[in-house]
Amino acid sequence: NAGVTQTPKFQVLKTGQSMTLQCAQDMNHEYMSWYRQDPGMGLRLIHYSVGAGITDQGEVPNGYNVSRSTTEDFPLRLLSAAPSQTSVYFCASSSAGGTQYFGPGTRLTVL
Amino acid sequence: DQQVKQNSPSLSVQEGRISILNCDYTNSMFDYFLWYKKYPAEGPTFLISISSIKDKNEDGRFTVFLNKSAKHLSLHIVPSQPGDSAVYFCAARFEGGGNKLTFGTGTQLKVEL
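Residues numbered from 1 in each chain as written. Chains lettered and ligands numbered in written order. Predicted model: local features only at pLDDT ≥ 70, side-chain atom pairs only at ≥ 80, totals over all residues. Heavy atoms only, no water.

Caption draft 1: Region of the structure containing the overall build of chain B. Check the secondary structure of chain B and you find 0 helices and 11 strands. Walking chain B from its N terminus toward its C terminus, one meets helices and strands in the order β-β-β-β-β-β-β-β-β-β-β. Counting only C-alpha atoms and orienting by the principal axes, one finds that chain B spans roughly 45 × 30 × 20 Å. The 113 residues of chain B split such that 44% are buried. Here chain B has roughly 5,500 Å² of accessible surface; of this, 48% comes from carbon and sulfur atoms. Averaging the locations of the 12 positively and 11 negatively charged side chains of chain B gives two centres separated by 2 Å. (Helix = DSSP H or I, 4+ residues; strand = E, 2+ residues; numbered from the N terminus. Buried < 20%, exposed > 50% of the residue type's maximum accessible area, 1.4 Å probe, protein only. Areas by Shrake-Rupley, 256 points an atom, 1.4 Å probe, with all protein chains shown as cover. Lys, Arg positive; Asp, Glu negative; His and termini not counted. Charge placed at Lys NZ, Arg CZ, Asp CG, Glu CD.)

Below, the structure is given as structure tokens:
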């Protein structure tokens, strides 16, 4: 039982490049979400999904896209990376109303 | 607008003593509160939670107190241990909010020998 996994662990991008951060969970959770953590800001919700095929925006969605084609996977796409997107990204999953379990994070640097 | 606030960025406590971490919130719609613990280079892990219908919840060395009238909650760790050194995040959600969490900015706890 791996829980929530994220790849890659580290990534360096140049401004304007695109990439996808991968997130997978093996707990059959309906709810998945993406957060970013910045110094002095805590964790802020980017996008979330309440089930396959259903996604919605969180607090800071601009510059990011998501899709949820399966229960297990919830990738986060950066369309055109900007230095302001330098952050640590966490994926989380939970059952409806349940405790959220977080992945180990992806540290992204945009030059 | 920071709806969940942790005004102390850091706290240092001696081993064996009590650690008290504080959290304030502004949104009266919040009805469920959680504390997460985070070690460097790891994701946050759930520690303890409390529903707004309670004023106290205890789990071993960890107790969370909720004062709804003051919109304030606190996490007590007794006795504190060096392994408790981590960043602690307070989080809140409300019914109908789709399990979305609003986090505070975190408090770095250091438990010294």
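After that view of the structure, there is still more to cover.
Caption draft 2: Structural detail: the pattern of salt bridges. Residue and element names in this part refer to chain A. All chains considered together, the criterion is met by 6 salt bridges over all chains. Across the pair Arg 36 and Asp 38 runs a salt bridge, and its minimum N-O distance is 2.8 Å. For the pair formed by Arg 36 and Asp 38, the shared burial category is buried. Overlapping salt bridges bring together Arg 36, Asp 38 and Arg 44 as one network. (Salt bridge = Lys/Arg side-chain N within 4 Å of Asp/Glu carboxyl O.)

Caption draft 3: Layout of the interface of chain A and chain B. Each partner contributes residues to the interface: chain A has 19 residues there, and chain B has 16 residues. Taking both sides of the interface into account, the surface hidden between chain A and chain B amounts to around 1,400 Å²; carbon and sulfur atoms contribute 57%. On inspection of chain A and its partner chain B, the count reaches 0 salt bridges. Our count for the contact surface shared by chain A and chain B stands at 7 residue pairs in polar contact (both at pLDDT 80 or more). Of all the elements in the fold, those that place two or more residues in the side of chain A that touches chain B are strand E4 (31–38), strand E5 (42–51) and strand E9 (87–94) of chain A. Here the side of chain A that touches chain B takes 4 residues from E5(A), the largest share from any one element. (Contact = heavy atoms within 4.5 Å. Buried area = accessible area lost by both parts, 1.4 Å probe. Polar contact = N/O pair within 3.5 Å; in protein donor to acceptor, adjacent residues only side chain to side chain.)

Caption draft 4: Summary view of unusual backbone geometry. That bond from A:Thr7 to A:Pro8 is cis: its omega, -5 degrees, falls within 30 degrees of zero. Its place among the elements puts A:Pro8 in the loop between strand E1 (4–7) and strand E2 (10–13). The residue after B:Val78, namely B:Pro79, is reached through a cis peptide bond having omega -10 degrees. As for its position among the elements, B:Pro79 is in the loop between strand E8 (72–77) and strand E9 (86–93). Not every positive phi belongs to a glycine, and A:Asn28 is a case in point at roughly 60 degrees. Here A:Asn28 lies in the loop between strand E3 (19–25) and E4. The residue B:Ala41 is not glycine, and still its phi comes out positive at about 65 degrees.

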